[in-house]
Amino acid sequence: MEAFGRQVRARRLAVSASAVEAGGAPLTIPGLALRAGINASVLGEIERGRVNVTLMTARRLAQALGIETAALFVE
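What counts and how
Residues numbered from 1 in each chain as written. Predicted model: local features only at pLDDT ≥ 70, side-chain atom pairs only at ≥ 80, totals over all residues. Heavy atoms only, no water. Salt bridge = Lys/Arg side-chain N within 4 Å of Asp/Glu carboxyl O. Helix = DSSP H or I, 4+ residues; strand = E, 2+ residues; numbered from the N terminus. Buried < 20%, exposed > 50% of the residue type's maximum accessible area, 1.4 Å probe, protein only.

## Quick word on the pattern of salt bridges
For the structure on display, the rule yields four salt bridges. For R9, the salt bridge identified is with E47, shortest N-O distance 3.1 Å. With a gap of 38 residues between them, R9 in helix α1 (residues 2-21) and E47 in helix α3 (residues 40-47) connect regions that are remote in the sequence. Looking at R9, the relative accessible area reads 32%, which means it is partly exposed. One salt bridge in this structure joins E47 and R12, with 2.6 Å as the shortest N-O distance. Of this pair, E47 sits in helix α3 while R12 sits in helix α1, and the two are 35 residues apart along the sequence.

In structure tokens form, the structure reads like this:
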């Protein structure tokens, strides 16, 4: 759970940095949660490694980040 949460946070921050460099807004937890269709407080808990996610939630997060689902399971 902790490794998965770290991957989600790292990917969100990478997308956020790219957006800011391009003159856009950073990708916040509420922004990613909205894209993925999940609750922002749950996403915060996922990033902290406190919630065990379903495969469907992992897939939705990956799609919202524009990556393959498997990329979230790499340490």
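Still to come is the rest of the account.
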